[in-house]
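Geometric and topological summary
Chain residues, written in single-letter form:
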Amino acid sequence: VLTERCNHGCQYCHSSVVSMKRTDTDMSIEVAERSVDFAFQTTAPWLSIEFQGGEPTANWDTLTHVVEYATRKNSLARKELSFALVTNLTLMDDERLEFLIENRVQICTSLDGPEDLHNKIRIFNEGNSYEQVVHWIEKINTRYVKLGLDPQLYRVEALPTVTRDSLTRWKEIVDEYVRVGNRAIFLRVL
């Protein structure tokens with residue numbers, strides 16, 4: 001958990017979300033390095049580091065540092081190292097995307113269904129959350145294909161949070177996932 005800050009106000013959020021102005025919940029570089037050092041103590045031949053939050057991209061400097069630091073450590077450890085990011089995609093930009101792609105950071109987001117349902121559930125006062133998440137899902141997946149990456153391994157996965165508002169709209173939710181190119185739906189029940 002890189003930070004508890006988030007730019008969304010989802011009523012059901014399981015995180016202890018705080019205002020984007022409160023940087024006191026951000027993981028420091030020092031704590032991040034200690035976490036990576038601890039993780040590398042595993043005797044397993046593989047290691048996956050997943051970035052969560054709040055909105056983990058709000059603490060971008062620590063995220064990039066962890067990727068670079070763990071990659072350097074792995075040059076000696078020689079584990080099968082992977083990275084994953086759980087993000088709402090609203091702080092994404094082209095420069096960040098290039099870093100994530102270059103470092104093979106897998107991206108997961110949330111898509112709660114069609115626009116009206118998604119925006120009702122994922123309250124975002126800075127714009128249209130649905131438009132942003134769909135834009136970035138499509139852009140990232142297109143970029144993966146252009147780079148020749150295996151679309152079975154490299155694609156944005158999404159998960160919906162199922163609420164009372166979602167229950168009668170299951171077909172629309174599935175149709176939305178198919179429309180944006182998702183090959184599976186991972187259900188998370190509230």
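As shown above, the structure is provided for reference.
What you are looking at is a predicted structure, and each value in this text was computed from that prediction instead of being measured. (Residues numbered from 1 in each chain as written. Predicted model: local features only at pLDDT ≥ 70, side-chain atom pairs only at ≥ 80, totals over all residues. Heavy atoms only, no water.)

**Focus: the overall build of the protein**
In terms of helices and strands, the protein carries seven helices and six strands. When the helices and strands of the protein are placed in sequence order, the string is α-β-α-β-α-β-α-α-β-β-α-α-β. Computed over its C-alpha atoms, the radius of gyration of the protein comes to 17 Å, within 12% of the 16 Å expected for a compact globule of 190 residues. By its C-alpha atoms, the protein is 50 × 40 × 30 Å across when sized along the principal axes. Across the 190 residues of the protein, 47% fall into the buried class. With the model as given, the accessible surface of the protein reaches about 10400 Å², and the carbon-plus-sulfur share is 52%. (Helix = DSSP H or I, 4+ residues; strand = E, 2+ residues; numbered from the N terminus. Rg over C-alpha atoms; globule rule 2.2 N^0.38 Å. Buried < 20%, exposed > 50% of the residue type's maximum accessible area, 1.4 Å probe, protein only. Areas by Shrake-Rupley, 256 points an atom, 1.4 Å probe, with all protein chains shown as cover.)

**Digging into the packing of aromatic side chains**
Evaluation of the coordinates by the stated rule reveals three aromatic pairs. Between Tyr144 and Tyr154 the ring centres are 5.7 Å apart and the planes differ by 65 degrees, which places this aromatic pair in the edge-to-face class. Separated by 10 residues along the polypeptide, Tyr144 in helix H5 (residues 129-146) and Tyr154 in the loop between H5 and strand E4 (157-159) bring together distant segments of the chain. The same class applies to Tyr144 and to Tyr154, which are both buried. Here the basic side chain of Arg104 rests over the ring of Tyr154, its NZ or CZ set 5.7 Å away from the ring centre. (Phe/Tyr/Trp six-rings, centres within 6.5 Å; stacked < 30°, edge-to-face > 60°. Lys NZ or Arg CZ within 6 Å of the ring centre and 35° of its normal.)

**A closer look at a nonpolar patch on the surface**
On the surface, Trp170, Val174 and Val178 cluster together to form a nonpolar patch covering roughly 330 Å² of accessible area. Here Val178 lies in helix H7 (residues 170-179). On the basis of relative accessible area, Val178 is assigned to the exposed category, the value being 57%. (Patch = residues over 30% accessible without salt bridge, like charges linked within 9 Å, V, L, I, M, F, W, Y side chains within 5 Å. Salt bridge = Lys/Arg side-chain N within 4 Å of Asp/Glu carboxyl O.)

**Side note on the nonpolar core**
If you look at the biggest cluster of nonpolar residues, it comprises 42 residues, and the most contacted ones within it are Phe51, Leu63 and Leu100. Tallying contributions element by element places H5 first for this core, with seven residues. (Core = buried A, V, L, I, M, F, W, Y, C linked by side-chain atoms within 4.5 Å.)

**Some points on the sheet that holds strand E1 (residues 46-51)**
Spatially, the four strands line up as an open sheet ordered E1-E2-E3-E4, and their pairing is parallel. On the outer flanks of this sheet lie E1 and E4, each paired with one strand and no other. For this sheet, the mean angle separating the axes of adjacent strands, direction not counted, is 25 degrees. The sheet contact formed by E1 and strand E2 (residues 80-86) spans six bridges and is parallel. When the bridges of E2 are listed, Ile49 appears paired with Phe83. (Pairing = 2+ DSSP bridges. Axes fitted to C-alpha atoms, helices over the stretch in contact; angles between N-to-C directions.)

**Here we look at unusual backbone geometry**
The backbone of Arg78 shows a phi angle near 55 degrees, a positive value even though the residue is not glycine. As for its placement among the helices and strands, Arg78 is situated in the loop between helix H2 (60-77) and E2. With a phi close to 70 degrees, Leu89 is a non-glycine residue in the positive phi region. Of note, Leu89 is situated in the loop between E2 and helix H3 (94-102). In this structure Leu89 comes out as buried when scored by relative accessible area, which is 0%.

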